[in-house]
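Observations on the three-dimensional arrangement
Each chain, letter by letter, is given below.
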Amino acid sequence: MADGMQGVDVDYDGLIPNNVGLNGDERLKKALETWHPGYIDWWKDMGPEGFQEALVYLRTAVSVDPKGWAKFGFVKMPDYKWGILLAPAVPNRTIPFGKHKGEPVWQEVPGEYRAMLRRLLVIQGDTEPASVEQQRHLGATAPSLYDLRNLFQVNVEEGRHLWAMVYLLQKYFGTQGREEAEELLNRRSGHEDNPRMLGAFNERTPDWLSFFMFTYFTDRDGKMQLEALAQSGFDPLSRTCRFMLTEEAHHMFVGETGVSRIVERTCDAMNKAGITDPTATAQIRALGVIDLPTIQRKINMHYPLTLDLFGNEISTNAANAFNAGIKGRFREDKLTDDHALLDSTYPVLRCIDGQFVEQHVPALSALNMRLRDDFITDAAGGVGRWNKVIEKAGIAFKLTLPHQAHNRRIGEFASIKADPTGQILSEAEWVARVDTFLPTPDDAAYITGLMQPVHGAGDYASWIAPPKAGIDGKPGDFEYVQIHE
Ligand code: BYC
Ligand code: FE
Ligand code: FE
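For clarity, every value in this text was computed on a predicted model and none was experimentally measured. Within each chain, residue numbers correspond to sequence positions counted from 1 in written order. Lettering for chains starts from A, numbering for ligands starts from 1, and both go in the order in which the items are written. Only residues with pLDDT of at least 70 are given local features in this predicted model, and only at 80 or more are side-chain atom pairs given and counted; all residues enter the totals for whole chains, interfaces and linings.

**Observations regarding the confidence of the model for the chain**
Per-chain confidence: the chain averages 96 in pLDDT, with 98% of residues scoring 70 or above. Segment residues 1-5 is flagged for pLDDT under 50; beyond a separation of four residues in sequence, or across chains, it makes seven contacts in the model. Confidence of the predictor in every single residue is expressed as pLDDT, which spans 0 to 100. Placing C-beta atoms from the backbone, we regard two residues as in contact once those atoms come within 7 Å.

**Some points on the site of ligand 1**
Each residue receives a C-beta atom built from its backbone; the residue is near a molecule or strand if that atom lies within 6 Å of it. The full set close to ligand 1 counts 25 residues, and Gly222, Gly311, Asn312, Ser315 and Asn317 are the nearest of them. Every element with two or more residues in the shell around ligand 1 is listed here: helix H2 (114-134), helix H5 (208-230) and helix H9 (316-323). Looking at the shell around ligand 1, the element that brings in the most residues is H2, giving six residues. Looking at the shell around ligand 1 residue by residue, the class counts come to seven nonpolar, 12 polar and six charged. Secondary structure elements follow DSSP: runs of H or I no shorter than four residues count as helices, runs of E no shorter than two count as strands, and numbering proceeds from the N terminus. Residues are sorted three ways: Asp, Glu, Lys and Arg are charged, Ala, Val, Leu, Ile, Met, Phe, Trp, Tyr, Cys and Pro are nonpolar, and all the rest, Gly among them, are polar.

**Some thoughts on helix H6 (residues 235-273)**
Over its 39 residues, H6 extends 57 Å from the first C-alpha to the last, a length consistent with the 57 Å expected when each residue adds 1.5 Å. The principal kink in H6, of about 35 degrees, is found at threonine 246. H6 sits mainly inside the fold: 28 of its 39 residues count as buried. Where H6 ends, the next residue or the one after it, glycine 274, has phi of about 70 degrees, a positive value. An expected span of 1.5 Å times one less than the residue number is assigned to each helix. Bend is computed residue by residue as the angle between axes fitted to the seven residues ending at the residue and the seven residues starting at it. Residues with at least 20 other C-beta atoms within 10 Å of their own are called buried, those with 12 or fewer are called exposed, and the rest are partly exposed. The C-beta atoms themselves are positioned from the backbone.

**Overview of the environment of valine 259**
Within the secondary structure, valine 259 is located in helix H6. Since 27 C-beta atoms lie within 10 Å of it, valine 259 is described here as buried. Taking the C-alpha atoms as reference, valine 259 lies 28 Å from isoleucine 123; in sequence the two are 136 residues apart. Filtering out sequence-adjacent residues up to four positions away, valine 259 remains in contact with Phe212, Met213, Tyr216 and Trp386.

**A closer look at the environment of asparagine 18**
Counting through the fold element by element, asparagine 18 comes out in the segment before helix H1 (26-46). Classification of asparagine 18 as buried rests on a count of 24 C-beta atoms within 10 Å. Along the backbone, asparagine 18 and proline 475 are 457 residues apart, and their C-alpha atoms lie at a distance of 32 Å. Each residue touching asparagine 18, except ones within four places of it in the same chain, is listed here: Val10, Asp11, Gly83 and Ile84.

**A closer look at the sheet that holds strand S1 (residues 55-61)**
Adjacent strands of a sheet form backbone hydrogen bonds with each other and so pair up, either parallel or antiparallel. When DSSP finds at least two bridges between two strands, those strands are taken to pair. Taking strand neighbours across the sheet as the criterion, the three strands line up as S2-S1-S7 in an open arrangement whose pairing is antiparallel. The two strands at the open ends of the sheet, each matched to only one other strand, are strand S2 (70-76) and strand S7 (481-482). Both S1 and S2 contribute to a ladder of seven bridges, which runs antiparallel. Looking at S2, one finds that arginine 59 is bridged to phenylalanine 72. Orientation is described by lines fitted to C-alpha atoms, with helices fitted over the stretch in contact, and by angles between N-to-C directions that extend from 0 to 180 degrees. Against the sheet, helix H3 (residues 145-172) touches S1 and S7, its axis set at about 40 degrees to S1.

**A short note on the nonpolar core**
Connectivity within a nonpolar core runs through C-beta atoms within 7 Å, and the core itself is a set of buried Ala, Val, Leu, Ile, Met, Phe, Trp, Tyr and Cys residues. Membership of the largest hydrophobic core comes to 116 residues, with the highest contact counts inside it found for Phe152, Val166, Leu209, Met213, Ile262 and Val263. Not counting residues up to four positions away in its chain, the partners in contact with isoleucine 262 are Leu209, Ile290, Ile295, Trp463 and Ile464.

**As for the packing of H3 against helix H4 (residues 174-186)**
At their nearest, the axes of H3 and H4 sit 7 Å apart, and the two run at 155 degrees to each other. Here H4 runs roughly antiparallel to H3, going by the angle between their axes. The segment H3 lies against H4, with Leu162, Val166, Leu169, Gln170 and Tyr172 engaging Gly177, Arg178, Glu180, Ala181 and Leu184. Across the contact of H3 with H4, the residue classes tally to six nonpolar, two polar and two charged. We call two directions roughly parallel when the angle between them is under 35 degrees, roughly antiparallel when it is over 145, roughly perpendicular when it lies between 65 and 115, and oblique otherwise.

**Side note on the packing of H5 against helix H10 (residues 367-392)**
Their axes nearest at 10 Å, the elements H5 and H10 cross at an angle of 135 degrees. Put simply, H5 runs oblique to H10. Relative to H10, the crossing made by H5 is right-handed. Across from Tyr216, Phe217, Arg220, Asp221, Met224 and Ala228 in H5, the residues of H10 making contact are Leu371, Asp374, Phe375, Asp378, Ala379 and Gly382. Among the residues making up the contact of H5 with H10, the classes are represented as seven nonpolar, one polar and four charged. Rotating anticlockwise by less than a right angle from the far helix to the near helix defines a left-handed crossing, while the corresponding clockwise rotation defines a right-handed one.

**Concerning unusual backbone geometry**
At asparagine 92, a residue that is not glycine, the phi angle is positive and equals roughly 55 degrees. Looking at the secondary structure, you find asparagine 92 in the loop between S2 and H2. You can call asparagine 92 exposed: it has 8 C-beta atoms within 10 Å. Despite not being glycine, asparagine 407 has its phi angle at roughly 60 degrees, a positive value. Residue asparagine 407 is classed as buried on the basis of its 22 C-beta neighbours within 10 Å.

Written as structure tokens, this is what we have:
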């Protein structure tokens, strides 16, 4: 099938559901079918622990038509239809930015950009299974069947995102691509000798508050990076990412509403008990809810880890990828400048002699900073909505995104210590105050204690409010996961 002819409907006849005409490409089909058993082994070893036999009410992509691409139904996760899906081709699409701007998009990998493209695909691909590995123990402590189902939905879709990158590697990168696809199944989140590639994906996700923070912040890095790659002049990558973004929205919904429901429950319990002081930790915790300052400390941990994922503020890798037409800016197609950036500058916050200064640097070299700025704007929205919940409950507390220099390990601020407001601290000051910034062993112990599984249909743990609505219009007591069959 010619590229432009690919339909919106998905071929479900073979082992690998797809809309990329796999039946007409024997070499690729064989490569993917060879990779498939290793993937299933990886899923069974490293995917959701203890629920491989449970029936889960999941959505599966059956089309790429924006008006109706998913169907819902009960499946055992190892039987999930992980498909290879590309968003429809845009007719006569041209490269939207960089030095090839205006030329027809590439359907094959341009030789000169092969290494760059492969590196980006591998990094993107590596994060997807990493997150599944990080979340594999959470099923044991889910606060409800609704949340358990959402966890698994996110997990199977991250698995599909791995398929998406493996498809590109195996179709366009020959032997090297097949080797990279193998390696994607071999690295392990947090492994001493063979870890995942990026920092945040080797951290633990020890509890459900962390899970919601991760899906709110870190999946949002996924969104931003996918938006930038969706602009690519390499059209198969663009189309792959555009479809991945459709699924990504739900991951961030899970994160935003998860935190929001926790905040709601805490405020509600405080009000019922007549507690007005949000820092009355012992009293609030006695109610079986998570005090707001602890939620802030979790933000102070997950947000900087996610900022680190944008790389160095000033990066020649990013400049080269843009110039080449391989990785664009957030929603490049909606921007109205020259899309070449050869003459423009961009303000970058730097730390020089212990002072923050804004420096105007060549815009091409500041693209990581720019994407990070777009992320911060995007991430601020949900925090504002969490604060509305607190405000509505009449409690005097505000959640905030910490200063960009707080708790960083990559980039300009990795070498300094700063508090959440951006006050630069000495090592000694940091050590003296860190317990007020970041989750303490005591916070961890309290949260761990709360994490007891709730498996009754329609029941919720003490520390989280029920959702406003069910998934796929289902009623409140719907049994989203059938654990005993
Ligand atoms: N940890 O020139 P620089 C998602 C490395 S999330 C460790 O600034 P560049 C998802 C960097 O690799 C989205 N290392 O880098 C979310 C480089 O190493 P080499 C994932 C780091 O290339 C939730 C060196 O430092 N997708 O989808 O401009 C659940 C110099 O850095 C880190 C992508 O990231 C770090 N945090 O920018 C599931 C898109 N940061 O090559 C899924 C593809 C930097 O010199 N990747 N380094 O050895 C990229 O666009 C870029 O590689 C990066 C880094 C933005 C990550
Ligand atoms: Fe993903
Ligand atoms: Fe995601």
